[in-house]
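Below are the chains, spelled out letter by letter.
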Amino acid sequence: MAQTGVTPIKQKKFTREAIRKDFAKNKVRYLLILPLIVFFIVFSYLPMVGITMAFCNYKPNLGIFGSLVKKFVGFQHFTDFFNGMFFWRLLKNTIVLNVWNLIVSFPLTILVSLLINEVESKMFKKSIQTISYLPYFISMVVVCGIVVDFCKSTGVLGTLMYHLTGKNRNLLGVADFWRTIYIGSGLWQGLGFGTILYIAALSGIDQQLYEAAKIDGCGYMRQMWHVTLPGIRPTIVIMLILQVGMLMASSYEKTILMYNPQIYEKADIIASYVYRKGLLEGGYSFSTAVGLFNSVINFILIVVTNNISRKYSETSLF
């Protein structure tokens, strides 16, 4: 058999002695990562014990484990939610809002990234990036306050709507306007910041590919289609997987700061329902069950999307 001249890589054996030597050699690195490990254990893993509240009638005086032993109800809270009068409305509102948000914001973020990348003046390019990033660092409470003021009958958007339609009304009191306002304010706040990853990916594309494309007679659009988009395709796929995995995870903070009972028909989503039932009405176990259902659906979505991506492309999240 012919020798290829390639030395095979030896697999390390994780024996007790090897682990001890590795720790002695890299103890500073392990100490640096220790606070991060502690953080995730304390704030991500230990709170998962609270999931058991979904299967009992939680009583603060009994504690989580005491309630689980004495007030165990199994899947009763899940059954009550699925059979409840608001289940289909909540599910529909959550899915429709997030799907529309994905359809609008995802391609628009890529488009804006491509446009910013084409700006030749470095000073002008950095100015555009800075201006577009700034809204992201404004507190959600402040952003929602601005939206509420703008949408009042006497606000900027309310006054504009009055001159266009002759109707003087609070826009946040009209259910049909809710999703447009929610998605539009989200674009204003997060569109610029969302371009960071794509611009970073664009900067890593080999410029010789563009030169070769120009020599072959490719114009701007063909260069974008055959060089730019394939160059950032892995980033696009990863971001799409993450976005699809969050289709059921709308932010309750923004919703509860902007909605009102008049528009529950379109604005009430699972996240806001969990907040209302859990914190305002004290239904801790029921809200935990609803939140757990939401998380399980998100997990299934991200796994399915990742498997589809891994099957039909070379990129996957895990």
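Calculation criteria
Residues numbered from 1 in each chain as written. Predicted model: local features only at pLDDT ≥ 70, side-chain atom pairs only at ≥ 80, totals over all residues. Heavy atoms only, no water. Axes fitted to C-alpha atoms, helices over the stretch in contact; angles between N-to-C directions. Helix = DSSP H or I, 4+ residues; strand = E, 2+ residues; numbered from the N terminus. Parallel < 35°, antiparallel > 145°, perpendicular 65-115°, else oblique. Contact = heavy atoms within 4.5 Å. Nonpolar A, V, L, I, M, F, W, Y, C, P; charged D, E, K, R; others polar. Buried < 20%, exposed > 50% of the residue type's maximum accessible area, 1.4 Å probe, protein only. Arc of directions from axis to C-beta. Core = buried A, V, L, I, M, F, W, Y, C linked by side-chain atoms within 4.5 Å.

1. Let's talk about the packing of helix α4 (residues 76-83) against helix α16 (residues 284-312)
Where α4 contacts α16, the two axes come as close as 9 Å, and the packing angle between them is 75°. In terms of axis orientation, α4 runs roughly perpendicular to α16. Of the residues in α16, those in contact with His77, Phe78, Asp80, Phe81 and Phe82 of α4 are Ser285, Phe286, Ala289, Val290, Leu292 and Phe293. Class assignment for the residues of the contact of α4 with α16 results in eight nonpolar, two polar and one charged.

2. Examining α4
Among the residues of α4, those classed as buried are His77, Phe78 and Phe81. Axial view of α4: buried residues confined to an arc of 100°, hence all on one face. Buried positions along α4 lie against α5 (87-117), α15 (270-280) and α16.

3. Quick notes on the nonpolar core
With 21 residues, the main nonpolar core has Trp178, Ile181 and Met258 as its most contacted residues. Sorting the residues of this core by element identifies α7 (140-151), α9 (178-194) and α14 (264-267) as the ones contributing at least two each. Broken down by element, this core gets its largest block of residues, six residues, from α9. Leave out the neighbours within four places in its chain, and Ile181 touches Val147, Cys151, Leu171, Leu172 and Met258. Leu114, Ala213, Val227 and Val244 belong to the second largest nonpolar core, which has 18 residues in total.

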